[in-house]
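What the coordinates show
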Amino acid sequence: MAVVLSCCLLLGSANSGPSFLHGIDVSRYQKEVNWEQVKDSNVHFAFIKATEGDFHKDPYFDRNWEQARQQGVKRGAYHFYLPWVDVEKQLEHFKSAVTLEPGDLAPVLDIETFAPDIPDAQLRSDIRRWLTAIEAHYGVRPILYTHQMYYNSKLRGYFPEYPFWIARYQNAEPTTHTKDKMAFWQYSEKGVVDGIATPVDVNWFYGDVQALNTFCVPALPVSTGTMAQNE
């Protein structure tokens, strides 16, 4: 079992109190992941890139999605958002690619691309359209991913009802508006995990397994049958 923990010392004092879970996020850059080895490497969850804009589907998504499920790794799918692409087309692209099951993590909107020609108010309105429609479709509140600089510039204080996942690598936890809730911290892009041949993003979740489950697709009552998302 090998997970790089060079940043774990940052949470050393916190680990004696609140719980933290370790996770990764992967895309085509990690190529063929050995999910059996990942499962044995102290990885509690994995976010997997699904789509980008209205045209690109990660070529490794289907493989990663199914094999993570087979190995019992709690999985979540994310969409890389392009601000200049029509929101409805991006919504349909993600929904056509991703079917969620009860227990899967909520969809993630990865918003980190600056678009100088798009006013901030329009950007935030479009983001909210994506989040609202995705929540209506999948029945779970989405997660917003970004990095500290983008958060400070575009998102800080505007989405208090949505959980944030923030990237910050300067050996310091991200800072947030008092109204915002940060659930995940991406603390390094240079993680080393058994089963992955390249450096990988590594993350902390602020909570235990029970808390992580509150960010997942809920189970439906038995009488309603199996959840199907691609309607």
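Residues numbered from 1 in each chain as written. Predicted model: local features only at pLDDT ≥ 70, side-chain atom pairs only at ≥ 80, totals over all residues. Heavy atoms only, no water.

A separate point is the nonpolar core. Grouped together as the largest cluster of nonpolar side chains are 67 residues, with contacts concentrated most on Ile24, Trp35, Phe47, Val98, Ile127, Leu144 and Phe184. In terms of residue count, the dominant contributor to this core is helix H4 (residues 120-138) (six residues). (Core = buried A, V, L, I, M, F, W, Y, C linked by side-chain atoms within 4.5 Å. Buried < 20%, exposed > 50% of the residue type's maximum accessible area, 1.4 Å probe, protein only. Helix = DSSP H or I, 4+ residues; strand = E, 2+ residues; numbered from the N terminus.)

Listed in full, the buried residues belonging to helix H5 (residues 148-155) are Gln148, Tyr150, Tyr151, Lys154 and Leu155. For H5, the arc enclosing every buried residue in end-on projection is 160 degrees, short of the 170-degree limit, so these residues lie on one face. In the segment just after H5, Gly157 is the residue with positive phi, at about 85 degrees. (Arc of directions from axis to C-beta.)

Our focus in this paragraph is unusual backbone geometry. Non-glycine residue Lys31 carries a positive phi angle of around 55 degrees. With respect to the element layout, Lys31 can be found in the loop between strand E1 (20-26) and helix H1 (35-39). Note on Lys31: relative accessible area 51%, which makes it exposed. You will see that Asn42, though not glycine, has its phi angle at about 65 degrees, which is positive. With respect to the helices and strands, Asn42 occurs in the loop between H1 and strand E2 (45-52). Looking at Asn42, the relative accessible area reads 37%, which means it is partly exposed.

Turning our attention to the confidence of the model for the protein chain. Looking at the protein chain, the pLDDT average stands at 90 and 87% of residues meet or exceed 70. Contacts from residues 1-17, a stretch scored under 50 in pLDDT, to residues over four places away or in other chains number 31 contacts. Across residues 223-228, where pLDDT falls below 50, the model places seven contacts with residues more than four positions away in sequence or in other chains. (pLDDT = per-residue confidence, 0-100. Contact = heavy atoms within 4.5 Å.)

Next up on the list: the environment of Val108. Within the fold, Val108 resides in strand E5 (residues 108-110). In the structure, Val108 is positioned 60 residues away from Ile48 in sequence and 9.5 Å away in space, judged by C-alpha atoms. Filtering out sequence-adjacent residues up to four positions away, Val108 remains in contact with Phe47, Ala77, Tyr78, His79, Trp130, Ile143, Tyr145 and Trp165.

The tally for this structure, following the rule as stated, stands at 18 aromatic pairs. Considering the side-chain rings of Trp185 and Tyr187, the 6.0 Å spacing of their centres and the 65 degrees angle between planes classify their relative orientation as edge-to-face. Put simply, the rings of Phe45, Phe47, Tyr145, Trp165, Phe184, Phe205 and Phe215 touch in pairs and so form one group of aromatic residues. Above the plane of the ring of Trp65 lies Arg75, whose end atom (NZ or CZ) is 4.0 Å from the centre. Arg124 extends its terminal NZ or CZ atom over the ring of Tyr158, reaching a point 3.6 Å from the ring centre. (Phe/Tyr/Trp six-rings, centres within 6.5 Å; stacked < 30°, edge-to-face > 60°. Lys NZ or Arg CZ within 6 Å of the ring centre and 35° of its normal.)

What follows is about the pattern of salt bridges. Side chains bearing opposite charge may pair, as long as their charged atoms lie close to each other. A complete count under the given rule lists twelve salt bridges for this structure. As a salt-bridge pair, Asp62 and Lys57 come within 3.0 Å of each other at their nearest N and O atoms. By relative accessible area, which is 46% here, Asp62 ends up partly exposed. On the basis of relative accessibility, which here comes to 34%, the residue Lys57 falls in the partly exposed class. (Salt bridge = Lys/Arg side-chain N within 4 Å of Asp/Glu carboxyl O.)

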